[in-house]
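# Structural overview
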Amino acid sequence: MQCKDANNSETCLAMTLNGTGYCEWNYNGLGIDYQILAGPSFIAVFTIIGVFLGVAADKYNRVRLLAICSFIIAIAVILTGSVQEYWQLVLLRMVLAFGEAGCNPMATGILSDIFPEEKRGLVMSIFNWGIYGGYGIAFPVGRYITKLNFGDLGWRVCYYGAGVIALIIAFMTVFTLREPQRQTIGEENNTSGDTKKVTIWNVILQPRVIMLCLAASIRHCGGMCFAYNCDLYYQQYFPDYDLGWALFAVTIGIGSIGVVVGGVVSDKFVAKMGIRSRVAVLAISQLIATPFAFGSVFFNPLWAMITLGISYFFAEMWFGIVFAILVEIVPLAVRSTTVGVFLFVMNNIGGNLPILVDPVSKSVGYRESLYIFYAGFYGISSIMFFLTIFLMDGPTASPAPKDLGHENGICTTADEIPLPAITNGKSNGPRLPSEMSKL
């Protein structure tokens, strides 16, 4: 029996010749099966269904739709822990994508209606930090909870636990969240009421929306390249170091601080510079993050984690601010639909480009390919965000107050004497002084 025929570690290590093992189990989880599972099976459903759910969110109760999506996510995660075949895993991955597809368009619309403009950047940043929070938690949970092997379930217990938590959140969504009144926000507040009806095509074909979407797609690709490859990269280049908790601390701790700071900064300047200020924060933050992202791949473990932390602080400002910008430049009638289309493009470009890391790494090296698709794409997105600034409108001038009259302080009523009222020939008013009655 040849080593390539072994499909698990037990079979591989049991292969012996004259009492000596000749098979080494070094499978790292990658390959075509993993690529299909991580990329196309999820992205294809996520992006297409996201558009339809975005349209539905503009017409129907968003809270109810969000609750349904939350239940779908919970059920898919729980069932993933019980799979026995690869095709079952792919199918449930697609069901999970269906549920997740509705979360961003619906939640973004709900939050934009609940919170005012001066807090919107921070709110969107905190909400979208959940993506990175979950990603960061996956490092210790996937590594260490699996090793504990609770109930002899191995990796399955991670999915069971996460699914139960998702189920609780779904019930909380049903019983604690209420549909807010839909409001016009951002630039739509400054338009006159006689504007013609806006369609989704009028919105998504605007140069500023196209440029913002392309810049976000490039930035998303850089982040996904690191997300897909960081664990494998550090294990291959630094096999003697266990960086699971370090990656958790960077993504959860430092990343969350960067998210909050980015939202606060963009909110502080939006009143003075308009929406351009948010785009400026994007361009500057990604520019600062680029050299440190390069360092996180270039240096040895200690300095790699230090530079990664600095990079994360600035890099993770982007996601929430992008959607704060988007909801402020898009009309209410097509807001959730636009978010769905935006995510469709961003995830298809940013989510599929990382597959180029493998062929490029075979030509120039694994580390060098991450220089290009990780740190390099951070830098390219910074330039594209900078160019987007010039396509955005500046601050809206407040209209001069209309003069409705003013008080004349010279004229007083101090010397006015009330005239008497005459009823039935008799005066009911005050008597005049005797000097005046002689007149």
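None of these values were measured; they are calculated from a predicted model.

Each value, and the rule that gives it
- Residues numbered from 1 in each chain as written.
- Predicted model: local features only at pLDDT ≥ 70, side-chain atom pairs only at ≥ 80, totals over all residues.
- Heavy atoms only, no water.
- Helix = DSSP H or I, 4+ residues; strand = E, 2+ residues; numbered from the N terminus.
- Contact = heavy atoms within 4.5 Å.
- Areas by Shrake-Rupley, 256 points an atom, 1.4 Å probe, with all protein chains shown as cover.
- pLDDT = per-residue confidence, 0-100.
- Buried < 20%, exposed > 50% of the residue type's maximum accessible area, 1.4 Å probe, protein only.
- Core = buried A, V, L, I, M, F, W, Y, C linked by side-chain atoms within 4.5 Å.
- Phe/Tyr/Trp six-rings, centres within 6.5 Å; stacked < 30°, edge-to-face > 60°.
- Patch = residues over 30% accessible without salt bridge, like charges linked within 9 Å, V, L, I, M, F, W, Y side chains within 5 Å.
- Salt bridge = Lys/Arg side-chain N within 4 Å of Asp/Glu carboxyl O.
- Expected span 1.5 Å × (residues − 1).
- Disulfide = S-S within 2.5 Å.

Moving on, we come to the overall build of the protein chain. Within the protein chain, the secondary structure is distributed over 18 helices and 4 strands. Here the analysis covers contacts within the protein chain between residues at least 6 apart in sequence; of these, 80% occur between residues at least 24 apart. Accessible area of the protein chain: about 23800 Å², with a carbon and sulfur share of 66%.

Once that is clear, we can look at the confidence of the model for the protein chain. Averaged over all residues, the pLDDT of the protein chain is 80; the fraction at 70 or higher stands at 81%. Considering only residues more than four positions removed or in separate chains, one finds that residues 432–439, a stretch of pLDDT under 50, has 0 contacts.

Let's shift gears to the environment of S266. Assignment of secondary structure puts S266 in helix α11 (residues 244–273). Given a relative accessible area of 0%, S266 falls into the buried group. It is 9.5 Å that separates the C-alpha atoms of S266 and A324, two residues lying 58 residues apart in sequence. Other than its neighbours up to four places away in sequence, S266 contacts G121, S277, R278, V281 and I321.

Let us look at the nonpolar core. Y234, L308, W318, F323, I325 and F342 are the most contacted members of the largest nonpolar core, which has 67 residues in total. For this core, the element with the highest residue contribution is helix α10 (residues 207–237), accounting for 14 residues. Ignoring any residue separated from it by four or fewer positions in sequence, one finds I325 in contact with L212, I275, R278, V279, L282 and M392. Counting 21 residues, the second-largest nonpolar core is a separate cluster that includes A56, V63, A101 and M106.

Okay, the packing of aromatic side chains next. On inspection of all chains with the given rule, the structure shows 20 aromatic pairs. Ring geometry for F42 and F46: centres 5.4 Å apart, planes at 20°, overall stacked. Residue F42 and its partner F46 are both found in helix α3 (residues 40–57); the two are separated by 4 residues, about one turn of the helix. Take F42: its relative accessible area is 13%, and that puts it in the buried class. Given a relative accessible area of 11%, F46 falls into the buried group. Note on Y233 and Y237: the rings are 4.5 Å apart at their centroids and 35° apart in plane angle, and the pair reads as tilted. Taken together, the positions of Y233 and Y237, both in helix α10 and 4 residues apart, correspond to about one turn of that helix. Given a relative accessible area of 1%, Y233 falls into the buried group.

Now for a nonpolar patch on the surface. On the surface, F294, F298, F299, L302, W303, I306 and I310 cluster together into a nonpolar patch covering about 680 Å² of accessible area. Of all elements in the fold, only α12 (275–298) and α13 (301–315) reach the threshold of two or more residues within the nonpolar patch. Per-element tally for the nonpolar patch: the top contributor is α13, with 4 residues. Relative to the assigned elements, F299 resides in the loop between α12 and α13.

Moving on to helix α15 (residues 335–352). If you check α15, its first and last C-alpha atoms are 25 Å apart, about what 18 residues at 1.5 Å a residue would give, namely 26 Å. The buried fraction of α15 amounts to 13 of the 18 residues, a majority that puts the element mostly inside the structure.

By the definition in use, this model includes 4 salt bridges. Across the salt bridge formed by E179 and R62, the nearest N and O atoms sit 2.8 Å from each other. Of the two residues, E179 is situated in the loop between α8 (156–176) and α9 (200–204) and R62 in helix α4 (residues 62–80); the sequence distance between them amounts to 117 residues. Linked by salt bridges that have partners in common, R62, D113 and E179 make up one network.

Let us now look at the state of the cysteines. Evaluated as defined, the whole model comprises 0 disulfides. Cysteine C103 is unpaired, with the sulfur of C69 as its nearest cysteine sulfur at 5.7 Å.

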